[in-house]
Amino acid sequence: MNSALALQVMRFGFLALLWLFVFAAIRVIRRDLRLAGQPRVATPPARRRGGSPARPVPSGGPSQLLVTEGSLSGTRISLTGAPVLIGRANDSTLVLTDDYASTRHARISLQDGRWMVEDLGSTNGTYLGQRKVDGPIPLEVGVPLRIGATVLELR
């Protein structure tokens, strides 16, 4: 009789552990769904990967990158002189959840006092206005930059 009681206690213990696992999984899924609707924008690093400090942004020039269309519409990224990496990778400055964006899609960087956009070998391309970006191209204020369903502008 004692072994039957022990077996029953073990069954209830296993059932309790199973339910704890289910509740933990539901909690993680709810958190991920809640975070999926929020834009994920990383703060640009103060120093470049090579160790040299970020170039100073020219005064009076554009100071931000604004997402005008797409799921992150309204998102603003302050331009500090550090390169802005755009893509689906989690370590990108602007993380896109677009199927038409590559993991490392494009980079916006400051070169000789001008903001330049460069496609990083993406599959579907990067477009500045109506022109496909095939090398570093100067990014002008107000000209739309299209990456998949996302459109950005320099402001």
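Cut-off values and rules
- Residues numbered from 1 in each chain as written.
- Predicted model: local features only at pLDDT ≥ 70, side-chain atom pairs only at ≥ 80, totals over all residues.
- Heavy atoms only, no water.
- Pairing = 2+ DSSP bridges.
- Helix = DSSP H or I, 4+ residues; strand = E, 2+ residues; numbered from the N terminus.
- Core = buried A, V, L, I, M, F, W, Y, C linked by side-chain atoms within 4.5 Å.
- Buried < 20%, exposed > 50% of the residue type's maximum accessible area, 1.4 Å probe, protein only.
- Contact = heavy atoms within 4.5 Å.

Chemist: What is the right way to look at the sheet that holds strand β8 (residues 131–132) in this model?
Modeler: Each strand in a sheet pairs with another by means of backbone hydrogen bonds, the pair being arranged parallel or else antiparallel. In spatial order, the strands read β2-β1-β11-β10-β7-β8; together these six strands make up an open sheet with antiparallel pairing. Since the sheet does not close on itself, it has two edges, and those belong to β2 (76–78) and β8, each with one partner.

Chemist: Looking at this structure, I do not really get the nonpolar core. What am I missing?
Modeler: What tends to happen in soluble globular proteins is that the nonpolar side chains get buried as a cluster. The biggest cluster of nonpolar side chains holds 23 residues, and the ones touching the most others in it are L65, I86, L94, I108, V117, L139 and L152. When residues of this core are traced back to their parent elements, those giving at least two are β1 (64–69), β3 (84–87), β5 (106–111), β6 (114–119), β10 (145–147) and β11 (150–154). Those residues in contact with L152 that sit more than four places away from it in its chain are L65, L66, V67, T68, I86, L94, V143, P144, L145 and I147.

Chemist: Help me understand the sheet that holds β5, please; the structure alone is not making it clear to me.
Modeler: Strands sit in the order β4-β3-β5-β6-β9 across an open sheet of five strands; the sheet is mixed. Each edge of the open sheet carries a strand with a single partner, namely β4 (94–95) and β9 (137–138). Pairing analysis gives two bridges linking β6 to β9, with the strands arranged antiparallel. Residue pairing for β9: V117 is matched across the bridge by I137.

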